[in-house]
Amino acid sequence: MLQDTPSFLAYWRNARSRTVRVLEALTPEDLEWAPAPGAFTFGDLFRHLAGLERFMYAENVQGRPSIYPGHGAELAAGLDGVRAYLDRCHAESMAIFGALTDADLRAPCVNPAGAQMATWKWLRAMAEHEAHHRGQLYLMASLRGRPVAPLFGLTEEQLAAASKA
């Protein structure tokens, strides 16, 4: 179970900052690039993460149905627009999550599929969803030749070297 609301907020703020590292490494030409026809672009993925956080997860934890608007470029265009949309949705979501009490975390919420679960489990699912797409974003950045800061401070090579010492 999530410890409490303040610890979740700190965790979620840090998790999102690791995802944003990819956006910060992109050029304008990268934003609407996709690794294959019909695949999500970088912009699609960031708009998807922003919209789901705010309009699905944050709505559901308030006992409301999802109002997810999709991930299309009409929601936010260009690097600055996508960053503003991501930041706005995140700030609004954090305010909603920050209002949850420990009792709210234990109380059930209903996801868009109609399944009922403890709110803390739904928030955990949000974090898992973010991690799934963060992996895509890091791989896509690699395919584009865009170096992104390591997730936890060390590259694999640095970790191997430090482990031998």
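Above this text is the structure in question.
Numbers given to residues run from 1 along each chain, matching the order in which its sequence is written. Local features in this predicted model are restricted to residues of pLDDT 70 or higher, and side-chain atom pairs are both shown and tallied only at a pLDDT of 80 or more, whereas totals for entire chains, interfaces and linings draw on every residue. As a rule here, side-chain values cover all heavy atoms of the structure and leave hydrogens and water aside.

Asker: I would appreciate a short explanation of the overall build of the chain in the present structure.
Answerer: The number of helices and strands found in the chain is 6 helices and 2 strands. Written out in order from the N terminus, the α and β elements of the chain read α-α-α-α-β-β-α-α. In terms of overall dimensions, the chain is globule-like: its C-alpha atoms have a radius of gyration of 17 Å, near the 15 Å expected for 165 residues. Dimensions along the principal axes, computed over C-alpha positions, put the chain at roughly 50 × 45 × 25 Å. When accessible area is computed with a 1.4 Å probe and restricted to protein chains, residues below 20% of their type maximum are described as buried, those above 50% as exposed, and intermediate ones as partly exposed. Burial status across the chain gives 42% buried among its 165 residues. Only heavy atoms matter for contacts: two residues are in contact if any of them lie within 4.5 Å across the pair. If you take every contact in the chain between residues at least 6 apart in sequence, the share linking residues at least 24 apart comes to 68%. For the accessible areas, the method is Shrake-Rupley and the probe is 1.4 Å, while residue cover comes only from the protein chains on display. In the structure as shown, the chain presents an accessible area of about 8500 Å², 58% of it carried by carbon and sulfur atoms. Across the chain, the mean location of the 16 positive side-chain charges is 4 Å away from that of the 18 negative side-chain charges. Counting from the N terminus, the helices are DSSP H or I runs at least four residues long and the strands are E runs at least two residues long. In this setup the radius of gyration rests on C-alpha atoms only. A globule is expected at 2.2 Å times the number of residues raised to 0.38. When charges are tallied, Lys and Arg are placed among the positive residues and Asp and Glu among the negative ones, while His and the ends of the chain are skipped. Charge placement uses NZ in Lys and CZ in Arg. For Asp and Glu, CG and CD serve respectively.

Asker: Would you explain helix α2 (residues 42–60) in this entry?
Answerer: Along an α-helix, residues three or four positions apart point the same way, because every turn accommodates 3.6 residues. Here α2 is 19 residues long and its end C-alpha atoms lie 26 Å apart, about the 27 Å a rise of 1.5 Å per residue gives. In the structure, α2 departs most strongly from a straight axis at leucine 52, where the bend amounts to approximately 35 degrees. The element α2 is largely enclosed, with a buried count of 19 among its 19 residues. Think of a polar contact as two N or O atoms within 3.5 Å of one another; within protein, one of them needs to be a possible hydrogen donor and the other a possible acceptor, and neighboring residues in sequence only count if both atoms come from side chains. For α2, the N-terminal cap is threonine 41; the gap from its side-chain oxygen to the backbone nitrogen of glycine 43 is 3.3 Å. An expected span of 1.5 Å times one less than the residue number is assigned to each helix. To obtain the bend at a residue, axes are fitted to the seven residues ending there and to the seven starting there, and the angle between these axes is taken.

Asker: How do you make sense of the environment of phenylalanine 40 when you look at a structure like this?
Answerer: Tracing the backbone shows phenylalanine 40 in the loop between α1 (5–25) and α2. The class for phenylalanine 40 is partly exposed, based on a relative accessible area of 28%. In this structure, the C-alpha to C-alpha distance between phenylalanine 40 and glycine 72, residues 32 residues apart in sequence, is 9.9 Å. Setting aside chain neighbours within four positions, we find phenylalanine 40 in contact with Trp33, Ala34, Pro35, Leu45, His48, His71 and Met140.

Asker: Hey, could you run me through the nonpolar core in this one?
Answerer: Across soluble globular proteins, nonpolar side chains have a tendency to be buried as a group. The definition of a nonpolar core used throughout is a set of buried Ala, Val, Leu, Ile, Met, Phe, Trp, Tyr and Cys residues joined through side-chain atoms within 4.5 Å. Membership of the largest hydrophobic core comes to 22 residues, with the highest contact counts inside it found for Phe8, Trp12, Tyr57, Val61, Phe97, Leu123 and Met126. Mapped by element, the contributors of at least two residues to this core are α1, α2, α3 (78–98) and α5 (119–143). Broken down by element, the residue count for this core peaks at 5 residues, all from α5. Beyond its immediate stretch of four places on either side in the chain, phenylalanine 8 contacts Leu2, Phe97, Leu123 and Met126.

Asker: Can you walk me through the packing of α1 against α5 in this structure?
Answerer: Helix-helix packing: each pair is described by the crossing angle between the helix axes and the interaxial distance. Two elements in contact, α1 and α5, have axes separated by 9 Å at closest approach and are oriented at 20 degrees. On the basis of the axis angle, α1 is roughly parallel to α5. Here the hand of the crossing between α1 and α5 comes out left-handed. Within the contact between the two elements, α1 uses Phe8, Tyr11, Trp12, Ala15, Arg16, Arg18, Thr19, Arg21 and Val22 and α5 uses Leu123, Met126, Ala127, Glu130, Arg134, Leu137, Tyr138 and Ala141. Lines fitted to C-alpha atoms define the axes here, with helix axes fitted over just the stretch in contact, and angles between the N-to-C directions of these axes take values from 0 to 180 degrees. Any angle that falls under 35 degrees is termed roughly parallel, while one over 145 is termed roughly antiparallel, one within 65 to 115 roughly perpendicular, and all others oblique. Note on convention: the crossing is left-handed when the near helix lies turned anticlockwise from the far helix by less than a right angle, right-handed when the turn is clockwise.

Asker: Help me understand the pattern of salt bridges in this model?
Answerer: Once their charged atoms are close, side chains differing in charge can pair, the charge on each being opposite to the other. We define a salt bridge as a side-chain nitrogen of Lys or Arg found within 4 Å of a carboxyl oxygen belonging to Asp or Glu. Inspection of the entire model under this criterion finds 12 salt bridges. As a salt-bridge pair, arginine 83 and glutamate 24 come within 3.1 Å of each other at their nearest N and O atoms. A residue pair is termed long-range when its members are at least 10 positions apart, and arginine 83 in helix α3 and glutamate 24 in helix α1 qualify at 59 residues. Exposure remark for glutamate 24: the relative accessible area of 54% places this residue in the exposed category. Notably, a salt bridge pairs arginine 83 with aspartate 87, separated by 3.1 Å at the nearest N-O pair.

Asker: Just to check I follow, could you spell out the packing of α2 against α3 for this structure?
Answerer: Remark: α2 packs on α3, axes separated minimally by 9 Å, with the N-to-C direction vectors making an angle of 25 degrees. Taken together, the axes of α2 and α3 lie roughly parallel to each other. Judged by the sense of rotation from one axis to the other, the crossing of α2 with α3 is left-handed. Here Phe46, Arg47, Ala50, Gly51, Glu53, Arg54, Phe55, Tyr57 and Ala58 of α2 come into contact with α3, specifically with Val82, Tyr85, Leu86, Cys89, His90, Glu92, Ser93, Ile96 and Phe97.

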